[in-house]
Amino acid sequence: MELLEGKMSGTPGPKDVSTKLQRIAKLAREVSAPLTALAHHIDIEFLREAYRRTRKDGAPGIDEQTAAEYEKQLDGNLQSLLERFKSGSYFAPPVRRVHIPKGDGHSTRPIGIPTFEDKVLQRAVAMVLEAVYEQRFLDCSYGFRPGRSAHQAIAELWQSIMDVKGGWVIELDIESFFDSIEHGHLRQFLDGRVRDGVLRRVIDKWLNAGALEQGAVSRSDVGTPQGGVVSPLLANVYLHEVLDQWFTDDVKPRLEEQAHLVRYADDAVMVFASEEDARRVLAVLPKRFGKYGLTLHPSKTRLLKFRRPNYSPNAPRPPQVKTRLETFDFLGFTHYWSAGRKGKWVVKRKTSRSSFTRALKRVREWCKGHLHMPVRVQHQQLVWKLRGHYGYFGIRCNLQMLSRFWCQLTRTWRYWLNRRSRRSMPWARFNRLLERYPLPHPTLTTRLTRSEAVY
């Protein structure tokens, strides 16, 4: 299916790229058949815009080339990249594999770092695929999508729970998701929407590029590098077919009562009004995911009762209620029942224990590693870290956890300043230092939904 090009006046630039993406999106909405002519939209200006959108401060790939070095001959590099991409002679280099600690503090997560040039081309292809698939993805999906955020996913989950007045919650945890994506199934899913030969050829090259670790390149017919620019979009394509579309088209029509799905990348939560519906779905989930090479974590995937308590939140807990109210974590927040402003039960959220511990650990490691930096520089960096923490966790009802983080960060800073020399840093002296270099106090920066104002 060819996409007609209109005449564009003036000097090409981001507006022209935006116009192309709008045309691709319009075509994707109007045509249900697989699209076979998309790559011709990627021209030199398209690559220039992809370069502009690519992070310049990321770690280099196996060629050790930085963004600054690539920029020295930007026009020539982009022209060469375009010619190799269109002719099919582009060689996808292996990613550089590194391992970063997971939140549990015990295991690590493998990350694949592409070369900078590879990142630019992946960004360009992802821009085209995004314009196509945004017309297909469902509203329950929030991760790695334009105009959508984790805060919106949390707000949607809150609304879903309140709509059913509390219910039964299934927490989904997929083991090593990015490393388990089967290439055969992914190609089959892409066949249903994108059959452009140039795009599909370069995607196959990325899937087969492999990873360089300890001097050896390993390749596999499963997995897509977590850290690649195009990987999040391919992951969304995979889970759209495996989970989102299946839950909407096949599961919900067979349920007796309401049910909702909220997914952010490979983190997902299902909310059911009926326990029977929840248990039926939980029973078929392993088979559904196993069909596509995915495995649910046996201990982290669970069903919990998250119903609104049947006694007043301001009254003592009845003696027959011997268990604590259930809670669950999603996107760094612990969700729990508590009394609202009007004396009714509402779902509130606070920073989860694992997120709090992980953030504080990063602060400690930073302070230890930058022990001899000037106090002025340390202060500036800590202010940025606090503001970043408030920017994500600064939601309604979470002020207490923000205050705890401020206190712990302050104590951590004093502890490491005290290690700078034999001269101690008593609290009186440290408080005078805080007057000169104040750390921003907790503030709520994000209001998730208008409806939450009722409590």
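Scroll up to find the structure.
Throughout this description, residue numbers start from 1 for each chain and increase along the sequence as written. Note on the predicted model: pLDDT of at least 70 is required for a residue's local features to be given, and 80 or more for side-chain atom pairs to be given and counted; whole-chain, interface and lining totals, by contrast, use all residues. Remark: hydrogens and water are excluded; side-chain values derive from all non-hydrogen atoms of the structure.

Novice: What's the story with the overall build of the protein chain in this structure? I'm lost.
Specialist: The helix count covers DSSP runs of H or I at least four residues long, the strand count covers runs of E at least two residues long, and both are numbered beginning at the N terminus. Within the protein chain one finds 15 helices and eleven strands. The size measure is the radius of gyration over C-alpha atoms, and the globule rule it meets is 2.2 Å times the number of residues to the 0.38 power. Whereas a compact globule of 455 residues would reach a radius of gyration of roughly 23 Å, the protein chain reaches 25 Å, a difference of no more than 12%. Overall, the protein chain is about 70 × 65 × 50 Å in size when its C-alpha atoms are taken along their principal axes. Throughout this description, buried means an accessible area under 20% of the type-specific maximum (1.4 Å probe, protein chains only), exposed means over 50%, and partly exposed covers the range between. In the protein chain, which comprises 455 residues, the share counted as buried stands at 48%. Two residues qualify as a contact provided that any one of their heavy atoms is within 4.5 Å of a heavy atom in the partner residue. In the protein chain, the share of contacts with a sequence separation of at least 24, taken over all contacts with a separation of at least 6, comes to 73%. For the area figures, the Shrake-Rupley method with a 1.4 Å probe applies, and any residue is considered shielded solely by the protein chains shown. Accessible surface computed for the protein chain: about 23300 Å², of which carbon and sulfur atoms make up 49%. For this count, His and the chain ends are skipped, Lys and Arg are scored as positive, and Asp and Glu as negative. Think of each charge as sitting on NZ of Lys, CZ of Arg, CG of Asp or CD of Glu. If the 75 positive side-chain charges of the protein chain are averaged to one point and the 48 negative ones to another, these points end up 11 Å apart.

Novice: Even after reading the chapter, I still don't get the sheet that holds strand β1 (residues 95-101), so can you show me in this structure?
Specialist: Think of a sheet as strands paired side by side through backbone hydrogen bonds, with each pair either parallel or antiparallel. A pair of strands is labelled paired if DSSP reports no fewer than 2 bridges between them. Taken in spatial order, the four strands make up an open sheet running β2-β1-β4-β5, and their pairing is mixed. Edge positions in the open sheet fall to β2 (108-113) and β5 (216-218), since each of these has one partner strand only. Neighbour-to-neighbour, the strand axes of this sheet turn through a mean angle of 45 degrees, independent of strand direction. Two elements, β1 and β2, share six bridges in a ladder whose sense is antiparallel. The residue of β2 that forms the bridge with Val98 is Ile111. Structural elements are reduced to axes, namely lines fitted to C-alpha atoms, with helices fitted over the stretch in contact, and the angle between N-to-C directions of any two is expressed from 0 to 180 degrees.

Novice: Quick question: what am I supposed to make of the side chain of Arg414 here?
Specialist: Within the secondary structure, Arg414 is located in helix α14 (residues 399-418). Despite its burial, Arg414 pairs with no opposite charge; the closest candidate is Glu435, at 14 Å N-O. In this view, Arg414 contacts Met425, Pro426, Trp427 and Phe430; residues no more than four positions away in its chain are not counted. Every case where a carboxyl oxygen of Asp or Glu lies within 4 Å of a side-chain nitrogen of Lys or Arg is listed as a salt bridge.

Novice: Whenever I open this one, the packing of aromatic side chains confuses me. Can you help?
Specialist: Here the distance between the centres and the angle between the planes together describe a pair of aromatic rings. We call Phe, Tyr and Trp rings a pair once their centres come within 6.5 Å, taking the six-membered ring for Trp, and we label the pair stacked below 30 degrees between planes, edge-to-face above 60, and tilted otherwise. Overall, the coordinates contain 18 aromatic pairs when judged by the stated rule. Between Phe189 and Tyr238, the aromatic rings sit 5.4 Å apart at their centres with planes inclined by 70 degrees, giving edge-to-face as the arrangement. Pair noted here: Phe189 is in helix α8 (residues 183-191) and Tyr238 is in helix α10 (residues 231-251), with a separation of 49 residues, a long-range link. For the residue pair Phe189 and Tyr238, the accessibility class agrees, reading buried in each case. Ring centres 4.9 Å apart and planes at 85 degrees place the aromatic pair Tyr392 and Phe393 in the edge-to-face group.

Novice: I would appreciate a short explanation of helix α1 (residues 14-30) in the present structure.
Specialist: Helical geometry note: an α-helix holds 3.6 residues per turn, so side chains three or four residues apart project in the same direction. The first and last C-alpha atoms of α1 sit 24 Å apart over 17 residues, in line with the 24 Å expected at 1.5 Å per residue. Taken residue by residue, α1 has Asp16, Val17, Lys20, Leu21, Ile24, Ala25, Leu27 and Ala28 as its buried positions. Helix span is expected to be 1.5 Å times the residue number reduced by one.

Novice: So what exactly am I meant to see when it comes to the pattern of salt bridges here?
Specialist: Where side chains of opposite charge bring their charged atoms close, a pairing between them can arise. For the structure shown, the criterion picks out 18 salt bridges. Here Arg48 ties to Glu45 by a salt bridge, and the two come within 3.7 Å at their closest N and O atoms. You can see Arg48 and its partner Glu45 sitting in helix α2 (residues 44-53), three residues apart, about one turn around the helix. When salt bridges that share partners are traced, they join Glu45, Arg48 and Asp75 into one network.

Novice: Would you take a moment to explain the sheet that holds strand β11 (residues 345-351) for this structure?
Specialist: If you walk across this open sheet you meet the three strands as β9-β10-β11, and the pairing is antiparallel. Looking at strand neighbours, the two that pair on one side only are β9 (328-330) and β11, the edges of this open sheet. Ignoring strand direction, the axes of neighbouring strands in this sheet form an average angle of 40 degrees. Pairing geometry for strand β10 (residues 333-339) and β11, over seven bridges, is antiparallel. Bridge pairing links Ser338 to Val346 in β11. Against the sheet, helix α6 (residues 150-163) touches β9, β10 and β11, its axis set at about 155 degrees to β11.

Novice: For this particular structure, what's the right way to read the nonpolar core?
Specialist: A general feature of soluble globular proteins is that nonpolar side chains tend to end up buried together. For our purposes a nonpolar core is just a set of buried Ala, Val, Leu, Ile, Met, Phe, Trp, Tyr and Cys residues, chained together by side-chain atoms within 4.5 Å. Judged by nonpolar contacts, the single largest core of 82 residues is most densely connected at Ile42, Val125, Met270 and Phe289. For this core, the leading source of residues is helix α5 (residues 116-133), giving twelve residues. With residues up to four places along the chain from it excluded, the contact list for Ile42 reads Leu47, Leu82, Phe85, Lys86, Ala124, Val125, Val128 and Leu199.

Novice: Please explain the environment of Gly340 as it appears in this structure.
Specialist: For Gly340, the location among the structural elements is in the loop between β10 and β11. Overall, the relative accessible area of 15% leaves Gly340 in the buried class. The sequence separation of Gly340 and Cys397 amounts to 57 residues, and the corresponding C-alpha distance is 9.8 Å.

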